[in-house]
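# Chain and residue survey
What follows is the residue order along each chain.
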Amino acid sequence: MWRPFLQPYHLIIVQDGDPTKKIHVPEGYDYELYNRNDINRILGPKASCISFKDSACRCFGYMVSKKKYIFTIDDDCFVAKDPAGKAVNALEQHIKNLLCPSTPLFFNTLYDPYREGADFVLRYPFSLREGLFHCAGSHGLWLNIPDYDAPTQLVKPKERNTRYVDAVMTIPKGTLFPMCGMNLAFDRDLIGPAMYFGLMGDGQPIGRYDDMWAGWCIKVICDHLGLGVKTGLPYIYHSKASNPFVNLKKEYKGIFWQEDIIPFFQNVKLSKEATTVQQCYIELSKMVKEKLSSLDPYFDKLADAMVTWIEAWDELNPPATA
Ligand SMILES: O=c1ccn([C@@H]2O[C@H](COP(=O)(O)OP(=O)(O)O[C@H]3O[C@@H](CO)[C@H](O)[C@H]3O)[C@@H](O)[C@H]2O)c(=O)[nH]1
Ligand SMILES: [Mn+2]
């Protein structure tokens, strides 16, 4: 189903779980496949920052990629159909979102002004129309099984999302959002080092908050650096609802912790000296250690892992020589 849309691109497949299991990749794809042994071999002791038995492991792929634009997708997501029954080319829409400027400073009520058939509405300040704000992230949505947390899945097991909303909008500056890694694209050069999906899964007190954590971190850094994040089109078709009882066991601490984590991120103030993503991220890790460790010692470990991630990122992605 994905071949017409994925074949032109380079795939990086991150295999979680048992590395002795062989993954069969169909013919005709240009790809790299990494399992846990590869991650340990490449990163050595720094592999400790890459989660095991959780969706978070995918961020290893972001670190080793040599591409400017990244599209990440779950293994139970398929090509959606738009209301006219046409297959959605998610990659095409994501790249359009990323290549058009974003408008984080002033909300355009006709949604993305750069889309065909739309524009800035009246009284939208002309000084803000130059779209100086590059788009760093493009957050797509999902038909069929929506990205609900376990409690919601438990009370609404039969709910399916059939609503296809034909809109793309920039998430306003100063506003956090629950980023889902199921159908996500980003500009690696603009925000890649902040796309760390955290310490989740095996050996950790929490799971399934990987993309959420990354979303909160990238949003405060994008706000600080003058970058935008868009949400809306494209849609994918999400086929499998993971088991809500299993999910609840993995994510329940997050449901309590986030009542403190969100105010933490809402009050983050990065210094003017922080002008690169890495500098912002290291500053953020110090705030996490200082302000969230009282919530749970886990955040002390997470803050350290954030630093390890940046060290590993910089080791694998040395600044281009002049
Ligand atoms: O041990 C694991 C478990 C899962 N994965 C991969 O992670 C994604 C998501 O898994 P799944 O489809 O079971 O979960 P969903 O609830 O449908 O997905 C959402 O939950 C969050 C996961 O953190 C996130 O918001 C969405 O992805 C799949 O690709 C699994 O293969 C894994 O690698 N290891
Ligand atoms: Mn899923």
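Cut-off values and rules
Residues numbered from 1 in each chain as written. Chains lettered and ligands numbered in written order. Predicted model: local features only at pLDDT ≥ 70, side-chain atom pairs only at ≥ 80, totals over all residues. Heavy atoms only, no water. UniProt positions renumbered as here; feature names shortened; annotations may be inferred. Helix = DSSP H or I, 4+ residues; strand = E, 2+ residues; numbered from the N terminus. Rg over C-alpha atoms; globule rule 2.2 N^0.38 Å. Contact = heavy atoms within 4.5 Å. Areas by Shrake-Rupley, 256 points an atom, 1.4 Å probe, with all protein chains shown as cover. Lys, Arg positive; Asp, Glu negative; His and termini not counted. Charge placed at Lys NZ, Arg CZ, Asp CG, Glu CD. Donors = N, O, S within 2.8 Å, 3.2 Å for Na, K, Ca; no water. Buried < 20%, exposed > 50% of the residue type's maximum accessible area, 1.4 Å probe, protein only. Axes fitted to C-alpha atoms, helices over the stretch in contact; angles between N-to-C directions. Parallel < 35°, antiparallel > 145°, perpendicular 65-115°, else oblique. Left-handed = near helix turned anticlockwise from the far one by under 90°. Near = heavy atom within 4 Å. Polar contact = N/O pair within 3.5 Å; in protein donor to acceptor, adjacent residues only side chain to side chain. Nonpolar A, V, L, I, M, F, W, Y, C, P; charged D, E, K, R; others polar. Phe/Tyr/Trp six-rings, centres within 6.5 Å; stacked < 30°, edge-to-face > 60°. Expected span 1.5 Å × (residues − 1). Arc of directions from axis to C-beta.

Looking at an unreviewed UniProt entry, one finds the protein chain named UDP-arabinopyranose mutase, with Brassica carinata as its source organism. Turning to the protein chain, the UniProt record has this under Catalytic activity (unreviewed entry): "UDP-beta-L-arabinofuranose = UDP-beta-L-arabinopyranose". The record held by UniProt for the protein chain lists under Function (unreviewed entry) the comment "Probable UDP-L-arabinose mutase involved in the biosynthesis of cell wall non-cellulosic polysaccharides."

### Examining the overall build of the protein chain
From N to C terminus, the protein chain includes ten helices and eight strands. For 322 residues, the compact-globule formula gives about 20 Å, and the C-alpha radius of gyration of the protein chain, at 19 Å, lands near that figure. In terms of principal-axis extent, the alpha carbons of the protein chain reach across some 55 × 50 × 45 Å. Long-range contacts, defined here as pairs at least 24 residues apart, represent 73% of the contacts in the protein chain between residues at least 6 apart. In the structure as shown, the protein chain presents an accessible area of about 15,900 Å², 57% of it carried by carbon and sulfur atoms. One way to put it: in the protein chain the 36 positive side-chain charges average out to a point 2 Å from where the 38 negative ones average out.

### Description of the coordination of the manganese ion (ligand 2)
The coordination sphere of the manganese ion (ligand 2), as far as protein atoms go, consists of Asp76 (OD) and His238 (NE2), spread over 2.0 to 2.1 Å. One end of the pair, Asp76, is in the loop between strand 3 (69–73) and strand 4 (77–79); the other, His238, is in strand 8 (residues 228–238), and 162 residues separate them in sequence. You can call Asp76 buried: its relative accessible area is 9%.

### What about the packing of helix 9 (residues 277–292) against helix 10 (residues 298–316)?
Relative placement of two packed helices is described by the angle separating their axes and the distance separating the axes. The N-to-C vectors of helix 9 and helix 10 enclose an angle of 165°; their axes lie 8 Å apart at closest approach. Here helix 9 lies roughly antiparallel to helix 10, going by the angle between them. Along this stretch, helix 9 crosses helix 10, giving a crossing that reads as left-handed. Of the residues in helix 10, those in contact with Gln278, Tyr281, Ile282, Leu284, Ser285, Val288, Lys289 and Leu292 of helix 9 are Phe299, Asp300, Ala303, Asp304, Met306, Val307, Trp309, Ile310, Trp313 and Asp314.

### Notes on the site of ligand 1
If you check the shell around ligand 1, you find 18 residues, and the closest are Asp16, Asp74, Asp75, Asp210 and Asp211. Residue Asp210 places a side-chain N or O atom 2.6 Å away from an oxygen atom belonging to ligand 1. Protein coverage of the free-state accessible area of ligand 1, which is 640 Å², stands at 83%. When grouped by side-chain class, the residues that make up the shell around ligand 1 number three nonpolar, three polar and twelve charged.

### What to know about the packing of aromatic side chains
For the structure on display, the rule yields 19 aromatic pairs. Taking the centre distance of 6.4 Å and the plane angle of 50° together, the rings of Tyr209 and Trp216 count as tilted. An identical accessibility class is assigned to Tyr209 and Trp216; each is buried. A centroid spacing of 5.7 Å and a plane angle of 50° characterise the contact between Trp309 and Trp313, whose relative ring orientation is tilted. Of this pair, Trp309 and Trp313 both sit in helix 10, four residues apart, which is roughly one turn of the helix.

### Section: helix 9
Its 16 residues give helix 9 an end-to-end C-alpha distance of 21 Å, which sits within 8% of 22 Å, the value for a rise of 1.5 Å per residue. Listing the buried residues of helix 9 in full gives Val277, Cys280, Tyr281, Leu284, Ser285, Met287, Val288 and Leu292. Viewed end-on, helix 9 has its buried residues packed into an arc of 165°, placing them on one side of the element. Seen from the open side of helix 9, the exposed residues pointing more than 90 degrees away from its buried face are Lys286 and Glu290.

### Some details on the environment of Cys135
Positionally, Cys135 belongs in strand 5 (residues 135–144). Of the residues examined, Cys135 reaches a relative accessible area of 1% and is grouped as buried. Through-space distance from the C-alpha of Cys135 to that of Pro151 is 33 Å; in sequence the pair is 16 residues apart. Ignoring anything within four residues of it in the chain, the contact list for Cys135 reads Asn97, Leu98, Cys100, Ser102, Asp187, Leu190, Gly228 and Lys230.

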